[in-house]
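Chain by chain, the residues:
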Amino acid sequence: MSQRIIIDTDPGVDDAIAIWLALASPELDVLGVTVVAGNVALKDTVRNACKIVALSGKTQIPVFAGAPGPLVREQVYGKYAHIGAFKDELVPDAELQPQAEHAVDFLVRTLRQAAQDNSPITVCVIGPMTNIALALGMHPDVARGIKRIVTMSCAFTALGHRVPWAEFNVYADPHAAEKVFNSGVPLVIMPLDMTFQALISKDDIEALRQDGGLPGESVAALLNAFDRSDLNRFGREGGPVHDATTIAWLLQPGLFEGQSAHVGVEISGKTAGYTYADFWNKLSTPPNATVMQKVDEYGFFSLLRRVFSRYGSRDGDAQA
């Protein structure tokens, strides 16, 4: 049977790749896409999410607008927030609109039903954790409907990428991250330490453009428009596609190696958003997460290319 998942996101270039990867995978049953402010303002993340889903051809997948800002801290956006939603030449415009229901209400309703049915759902959180933190905070019983939370977040040895001490998804709403980390829901964390090990090459981008249908063309356009390479930091060509690792782990977990740890977050002061992983049990606190530490780079991009090839036909509709 397909794994039932919800994708909570703030699209975002690598969010787009993650969503297209999931929607082209019959192994995954995407129940909905819930959207939060993060990379850009909520109106733009919602517009991006609708364009991404529409381009996949899976227009039956509902999109829900969620939290417009963090729980407590002042709003911060991503590096390219001034650009707003994706330009139509990068991701074509679409008529798809978000549902009237709020993302948090959808999460609560769906996860409660999953708990009643004894059929918990995996939630992939690839943006700030505000939506899921609100759902868990207002209705703690929904935790029983969550099989696990797979999140692209945190930085340990790699330090940060938006600020020196923090990964952006946690930095954007550290209070939400703290609530999620302490929820008791099993966590699988894809930190920068691991995502920096898988850098997409020009050959991979060209293969996606040629073989990945309309989504593949948009991936190539996005990666060329928003170059994430950094020779000084990575020591070689290519850039990471962070969020796609969450979906890749669901599809092929053998590509990754991880270690259990208790993960915590600093919520105040100048280093708010800083995360730590107690791999060696220095705090005598039970683990709350499995932190991925290694990825098979070749296998990861082979998976990406293989799945995107399902979009094959020029109408952009994924083939099972």
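Note that the structure is predicted; figures quoted are calculated from it, not measured.

We now examine the nonpolar core. By size, the foremost hydrophobic cluster in this structure holds 70 residues, and its most contacted members are W20 and I247. The element best represented in this core is helix α1 (residues 13-23), accounting for nine residues. Setting aside its immediate chain neighbours within four residues, I247 contacts I5, I7, A18, L21, A22, L28 and C124. Counting residues in hydrophobic clusters, the runner-up holds 37 residues, among them F156, F181, V263 and A277.

Attention now moves to the confidence of the model for the chain. A low pLDDT means the predicted coordinates there should not be read in detail. Per-chain confidence: the chain averages 94 in pLDDT, with 98% of residues scoring 70 or above. Considering only residues more than four positions removed or in separate chains, one finds that residues 314-320, a stretch of pLDDT under 50, has 25 contacts.

Another aspect to go through is the environment of G137. Following the sequence through the fold, G137 ends up in helix α4 (residues 130-138). Considering only alpha carbons, one finds G137 and A176, 39 residues apart in sequence, at a separation of 9.3 Å.

What follows is about the pairing of strand β1 (residues 3-9). Burial runs high along β1: five of the seven residues are buried. On the question of chirality, the crossover connecting β1 to the parallel strand β2 (residues 28-35) by way of α1 is right-handed. Looking at chain direction, β1 and strand β4 (residues 121-125) are connected through four bridges and run parallel. Residue pairing across strands places I7 opposite C124, the latter belonging to β4.

Conventions and cut-offs
- Residues numbered from 1 in each chain as written.
- Predicted model: local features only at pLDDT ≥ 70, side-chain atom pairs only at ≥ 80, totals over all residues.
- Heavy atoms only, no water.
- Core = buried A, V, L, I, M, F, W, Y, C linked by side-chain atoms within 4.5 Å.
- Buried < 20%, exposed > 50% of the residue type's maximum accessible area, 1.4 Å probe, protein only.
- Helix = DSSP H or I, 4+ residues; strand = E, 2+ residues; numbered from the N terminus.
- Contact = heavy atoms within 4.5 Å.
- pLDDT = per-residue confidence, 0-100.
- Right-handed = clockwise from strand over helix to strand, strands pointing away.
- Pairing = 2+ DSSP bridges.

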